[in-house]
Amino acid sequence: MARLRGQAGPADRRSPPDLADSTLLDVDPEPQMSLGAVEVDIRNDIAYKTVELPGGESCELKYDIVRPATDERLPLVVYLPGGAFLRCNKVMAFELRRHVAKSGFVVAGVEYRITPDGATYHDTIHDVRAALAHLRLHADEFGIDPSAVAVWGESAGGQVAALTGATNGLAEFAEGSDPSPLGQVQAVIDGFGSSELSAIADDFEEEAQLHYRHKPTHFSAYLGKPGALLPDIPDAVRAADPATYATASAPPFLLLHGSADVMVSPSQTQYVHQALLAAGADTRYVLNGANHGDVAFLGLVGSGLPWSSATTMGIITEFLHRHLDHTDIAE
């Protein structure tokens, strides 16, 4: 997500994250994730959908696959990269994806349309559904157990993952308006994603809050209202918020956020968490002192270490195994 201020640190925060319904983790960056010498197979640039872009051009959307070098059918994890809905690079987080694959999953890094492509949140979710269906239809080729599929995203990808999971079975969010099981998921991991975009700066100081209240941002285009101020389009904000669709039938969710996130307010994942708790149950962890994933590009060297630690990745892989092993998809 776009950074809210020039300097990270306590001055960027208005209030500490609310931990009343979440678990605070003091994560030691050491040891880092490791599964030793497990070999993996990699396949890149597999096209799953052709889309038309503004100006009449067309392009192929693609995904990359990494999986253990075995003939065994394995659960599928679809990784959705972040990029503030302005960028989507499927090669992101390769080390994290490879680690999850080594622990016993087929992991697909999927690209989806973003606002420079003229896309709204509906288009993005339709793309993810199409990728899910394509992967399931090629389950024999890639050694996938099509009955056990999760989406996992970080930052903007976390919001996309959460919205994908929360809208399972809804025709308006289905590729081709067909809410078939091919495009549905059995588990969701949302890493420091947004939810209620008009409140994305609510945990930050007033300058950042005023920016999102009184200046147009690209988020409005993502909501299908280009040029509009977020406070003026509450219905559109609500329609793209995963919390809006939380029901007792939602798949299991794991939400993670850093207490020192300077890009997306930690309360964003809490909104989704609270909605899911009201409908059933889920799990949310706040990593004490962690930032918005790996933000070394802000000069914060080592910021990604809490997220790639053995502790954090252990939580992620344990959640996936618990909910994907021996899962049956609805017929």
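Cut-off values and rules
Residues numbered from 1 in each chain as written. Predicted model: local features only at pLDDT ≥ 70, side-chain atom pairs only at ≥ 80, totals over all residues. Heavy atoms only, no water. Helix = DSSP H or I, 4+ residues; strand = E, 2+ residues; numbered from the N terminus. Expected span 1.5 Å × (residues − 1). Buried < 20%, exposed > 50% of the residue type's maximum accessible area, 1.4 Å probe, protein only. Axes fitted to C-alpha atoms, helices over the stretch in contact; angles between N-to-C directions. Parallel < 35°, antiparallel > 145°, perpendicular 65-115°, else oblique. Left-handed = near helix turned anticlockwise from the far one by under 90°. Contact = heavy atoms within 4.5 Å. Nonpolar A, V, L, I, M, F, W, Y, C, P; charged D, E, K, R; others polar. Arc of directions from axis to C-beta. Pairing = 2+ DSSP bridges.

Asker: Would you mind going over helix α2 (residues 121-137) in detail, with residue names and values included?
Answerer: A rise of 1.5 Å per residue sets the reference length of α2, with its 17 residues, at 24 Å; its end C-alpha atoms lie 24 Å apart and thus fit the reference within 8%. Buried residues dominate α2, accounting for 14 of its 17 residues.

Asker: Hey, could you go over the packing of helix α1 (residues 94-102) against helix α9 (residues 310-324) for me, with residue numbers and the actual values?
Answerer: For the pair α1 and α9, interaxial distance at closest approach is 10 Å and the crossing angle is 45°. Between α1 and α9, the crossing angle belongs to the class labelled oblique. The interaxial crossing formed by α1 with α9 has right-handed handedness. Within the contact between the two elements, α1 uses Leu-96, His-99 and Val-100 and α9 uses Met-313, Ile-316, Thr-317 and Leu-320. Residue composition of the contact of α1 with α9, by class: five nonpolar, two polar and no charged.

Asker: Break down helix α5 (residues 206-214) for me, citing the residues and quoting the values.
Answerer: Three- or four-residue spacings in an α-helix give side chains the same orientation, since the helix completes a turn every 3.6 residues. Taken as a whole, α5 has its buried residues at Ala-208, Gln-209 and Tyr-212. Down the axis, α5 shows its buried residues gathered within 100° of arc, on one side only. Exposed residues on α5 whose side chains face more than 90 degrees from its buried face are Glu-206, Glu-207 and His-214.

Asker: Before we move on, could you go through the environment of Gly-82 and cite the residues and values that matter?
Answerer: Of note, Gly-82 is situated in the loop between β4 (74-80) and α1. Using a relative accessible area of 6% as the deciding quantity, one classes Gly-82 as buried. It is 4.9 Å that separates the C-alpha atoms of Gly-82 and Ser-155, two residues lying 73 residues apart in sequence. When neighbours within four sequence positions are excluded, Gly-82 is seen to be in contact with Arg-87, Cys-88, Met-92, Tyr-112, Glu-154, Ser-155, Ala-156 and Gly-157.

Asker: Quick one: what's the story with the pairing of strand β5 (residues 106-110), residue by residue and with numbers?
Answerer: Counting buried positions along β5 yields five of five residues, so the element is predominantly enclosed. Residues Val-106, Ala-108 and Val-110 line one face of β5 and the alternating positions Val-107 and Gly-109 line the opposite face, and both faces are buried. Note that strand β3 (residues 58-68) and β5 share four bridges and pair antiparallel. Looking across to β5, one finds that Val-66 is bridged to Val-107. When β4 meets β5, the two strands line up parallel, connected through four bridges. Bridging across to β5, Val-77 finds its partner in Val-107.

Asker: With reference to specific residues and values, describe the sheet that holds strand β1 (residues 23-25).
Answerer: As summarised here, the arrangement of the nine strands in space is β1-β9-β8-β7-β6-β4-β5-β3-β2, forming an open sheet in which the pairing is mixed. Strand pairing shows two members of the sheet lacking a second neighbour, β1 and β2 (40-52), which therefore form its edges. For this sheet, the mean angle separating the axes of adjacent strands, direction not counted, is 20°. Bridge count between strand β8 (residues 253-258) and strand β9 (residues 283-287): five bridges; the pairing is parallel. From the neighbouring strand, His-257 faces β9, where its bridge partner is Val-286. Here α2 sits on the sheet in contact with β2, β3, β4, β5 and β6 (144-154), set at roughly 130° to β2.

Asker: Before we move on, could you go through the environment of Ala-108 and cite the residues and values that matter?
Answerer: Along the chain, the position of Ala-108 falls in strand β5. By relative accessible area, which is 0% here, Ala-108 ends up buried. Once the C-alpha coordinates of Ala-108 and Pro-226 are considered, the two residues, 118 residues apart in sequence, prove to be 31 Å apart. Non-local contacts of Ala-108, meaning those with residues more than four positions away in its chain, are made with Tyr-63, Asp-64, Ile-65, Leu-76, Val-77, Val-78, Tyr-79 and Leu-135.

Asker: Describe the environment of His-214, naming the residues involved and giving the relevant values.
Answerer: Mapped onto the secondary structure, His-214 falls in helix α5. Judged by its relative accessible area of 56%, His-214 falls in the exposed class. Counting along the chain gives 15 residues from His-214 to Leu-229, while the straight-line C-alpha distance between them is 6.5 Å.

Asker: Before we move on, could you go through the packing of α2 against helix α4 (residues 156-166) and cite the residues and values that matter?
Answerer: Viewed as axis vectors pointing N to C, α2 and α4 meet at an angle of 70°, and their least axial separation amounts to 10 Å. Put simply, α2 runs roughly perpendicular to α4. Side by side, α2 and α4 meet where Tyr-121, Thr-124, Ile-125, Val-128, Arg-129 and Leu-132 of the first sit next to Val-160, Leu-163 and Thr-164 of the second.

Asker: Go over unusual backbone geometry with me, naming the residues and quoting the values.
Answerer: Residue Glu-30 is joined to Pro-31 through a cis peptide bond whose omega torsion reads 0°. Residue placement: Pro-31 occurs in the loop between β1 and β2. Backbone geometry at Ala-84 places phi at a positive 65°, although glycine is not the residue there. Relative to the elements of secondary structure, Ala-84 occurs in the loop between β4 and α1. Non-glycine residue Phe-85 carries a positive phi angle of around 65°.

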